[in-house]
Every structure is written in structure tokens, then in C-alpha cells.
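# Architecture at a glance
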Amino acid sequence: EELAKIDIDFNKMMSMTEFLVYHYKLDDEAWVYLVNWTPAGSASQQKLLAEVQEQMATAQQALADSTEAAAAAKEKATESAVAAEASVTAATVSEAAAKE
């Protein structure tokens, strides 16, 4: 009998929301408001949220740009290392040829 009073959606199970509605003895209007409530925030909170989202987008773009630049620098360093190795090899060959 008590479970029937608690079970708002009649699924023969008690959810946390149903328990809280029963425990705090909320009327129909109160629990409907509670279940459908969504946080909207004040105008200043929404403005702050928009500013933070803009800063986050800027930071993400900066991260993407720096990651791309780092990859390009790494590729250029690898090419330079290969060119330096080729120069050393060529110098060694030239030195050996000059001694002969």
C-alpha cells in the first residue's frame, strides 16, 4: 500500500526521485516542477558562461595551432638531420677519395 503511494510512475519500483517526493511529502505541483526543472542561471551567469566558452574556444584554437607548428618543426628537424647525415657521408667519401 505504501509502495503504491510512493510509486509515481507505477512501474513497481521506487526511484530516488519517488523516494524524495514521498519523504519530503511534496504535492503534485511541487514534484512536477522539481522533475521538469532546468537550471537557467541569471543574466550575469549566462554572460560569464559565454565569456568562458569564448576563452575556451580561443585556447583550443591556440593549442591546435601550436600542435601543428610543433609537428612542422619536428618534420623540418628530421629533414635537417637527414641532410646533415648525408653531408657527413659525402664528406667522408670525399675525404677517402682525396686520400687515394
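No experiment lies behind these values; they were computed from the predicted model shown. (Residues numbered from 1 in each chain as written. Predicted model: local features only at pLDDT ≥ 70, side-chain atom pairs only at ≥ 80, totals over all residues. Heavy atoms only, no water.)

### Some details on the overall build of the protein chain
Along the protein chain, the regular secondary structure elements total four helices and zero strands. Put simply, the protein chain runs from its N terminus to its C terminus through helices and strands in the order α-α-α-α. For a compact globule of 100 residues, the expected C-alpha radius of gyration is about 13 Å, and the protein chain comes in at 35 Å, more than 25% above that figure. Taken over the C-alpha atoms alone, the protein chain extends approximately 110 × 40 × 15 Å along its principal axes. Considering the protein chain as a whole, with its 100 residues, one finds that 4% of them fall into the buried category. Placing the 7 positive and 17 negative side-chain charges of the protein chain at their respective mean positions leaves the two points 4 Å apart. (Helix = DSSP H or I, 4+ residues; strand = E, 2+ residues; numbered from the N terminus. Rg over C-alpha atoms; globule rule 2.2 N^0.38 Å. Buried < 20%, exposed > 50% of the residue type's maximum accessible area, 1.4 Å probe, protein only. Lys, Arg positive; Asp, Glu negative; His and termini not counted. Charge placed at Lys NZ, Arg CZ, Asp CG, Glu CD.)

### Let's talk about the confidence of the model for the protein chain
Detailed reading of predicted coordinates is not advised where the pLDDT is low. Confidence in the prediction of the protein chain, expressed as mean pLDDT, is 85, and 94% of residues score 70 or more. Looking across the protein chain, the model is least confident in helix α1 (residues 2–6), with a mean pLDDT of 70, and most confident in helix α4 (residues 43–99), with 93. (pLDDT = per-residue confidence, 0-100.)

### A short note on a nonpolar patch on the surface
Together, Leu3, Met14, Met16, Phe19, Leu20, Tyr24, Leu26, Leu34 and Val35 give the surface a local cluster of nonpolar side chains, amounting to about 850 Å² of exposed area. Considering every element that reaches the nonpolar patch, the biggest residue donor is helix α2 (residues 16–23), with three residues. Along the polypeptide, leucine 20 turns up in helix α2. Given the relative accessible area of 33%, leucine 20 is considered partly exposed. (Patch = residues over 30% accessible without salt bridge, like charges linked within 9 Å, V, L, I, M, F, W, Y side chains within 5 Å. Areas by Shrake-Rupley, 256 points an atom, 1.4 Å probe, with all protein chains shown as cover. Salt bridge = Lys/Arg side-chain N within 4 Å of Asp/Glu carboxyl O.)

### A short note on the side chain of glutamate 18
Within the fold, glutamate 18 resides in helix α2. For glutamate 18, a relative accessible area of 5% translates into the label buried.

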